[in-house]
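One letter stands for each residue in the lines below.
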Amino acid sequence: MMMNRIFTSIRAYHNLSNSPRVCKDCDQLATKDALFDVGDGIAVIERYCDECAKTIENSNRSSV
Ligand SMILES: [Zn+2]
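Conventions and cut-offs
- Residues numbered from 1 in each chain as written.
- Predicted model: local features only at pLDDT ≥ 70, side-chain atom pairs only at ≥ 80, totals over all residues.
- Pairing = 2+ DSSP bridges.
- Helix = DSSP H or I, 4+ residues; strand = E, 2+ residues; numbered from the N terminus.
- Axes fitted to C-alpha atoms, helices over the stretch in contact; angles between N-to-C directions.
- Core = buried A, V, L, I, M, F, W, Y, C linked by C-beta atoms within 7 Å.
- Buried ≥ 20, exposed ≤ 12 C-beta atoms within 10 Å, placed from the backbone.
- Contact = placed C-beta atoms within 7 Å.

> Can you break down the sheet that holds strand S2 (residues 32–39) residue by residue, with the values?
Strand order in this open sheet of three strands is S1-S2-S3, and the pairing throughout is antiparallel. If you trace the sheet from one side to the other, it starts and ends with strand S1 (6–12) and strand S3 (42–48), each paired once. Each strand axis lies, on average, 25 degrees off the axis of its neighbour in the sheet, ignoring direction. Taken together, the six bridges between S1 and S2 define a ladder with antiparallel strand orientation. For Ile 6, the partnering residue across the bridge sits in S2 and is Asp 37.

> Quick one: what's the story with the nonpolar core, residue by residue and with numbers?
One finds Ala 30, Ala 34, Tyr 48, Cys 49, Cys 52 and Ala 53 forming the largest nonpolar core, which totals six residues. Leave out the neighbours within four places in its chain, and Cys 49 touches Cys 23, Cys 26, Gln 28, Leu 29, Ala 30 and Thr 31.

> Account for unusual backbone geometry, with residues named and values stated.
Backbone geometry at Asp 27 places phi at a positive 70 degrees, although glycine is not the residue there. If you trace the backbone, Asp 27 turns up in the loop between S1 and S2. Looking at Asp 27, the number of C-beta atoms within 10 Å reads 9, which means it is exposed.

> Can you tell me about the pairing of S2, naming the residues and giving the values?
Successive residues of a regular strand alternate their side chains across the two faces of the sheet. In the sheet, S2 pairs with S3 via seven bridges, with the strands oriented antiparallel. The residue bridging Leu 35 from the neighbouring strand is Ile 45, located in S3. Counting the residues in the hairpin turn of S2 and S3 gives two residues, including Asp 40, whose phi is positive at 55 degrees.

> Please provide a residue-by-residue account of the environment of Ala 53, values included.
Its place among the elements puts Ala 53 in helix H1 (residues 50–60). A residue is classified by how many C-beta atoms lie within 10 Å of it, and Ala 53, with 23 of them, is buried. Between the alpha carbons of Ala 53 and Asp 25 there is a distance of 9.6 Å; along the sequence they are 28 residues apart. If near-sequence neighbours (up to four positions away) are discounted, Ala 53 is found in contact with Ile 10, Lys 32, Ala 34 and Tyr 48.

Have a look at this one:
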């Protein structure tokens, strides 16, 4: 079952050198957290690089 996700915000993510995270989309080093509201007060965080975070931000703010 697919959960309905609502984009909330992007915030800076500081990679820790001992546990580096990679972008969900392109496997570059992640620099941003993207927050999504999935309902019931639950938020999920996905990590992206600068470029992919911008794409997500722009595609979710097109109506503003
Ligand atoms: Zn990326």
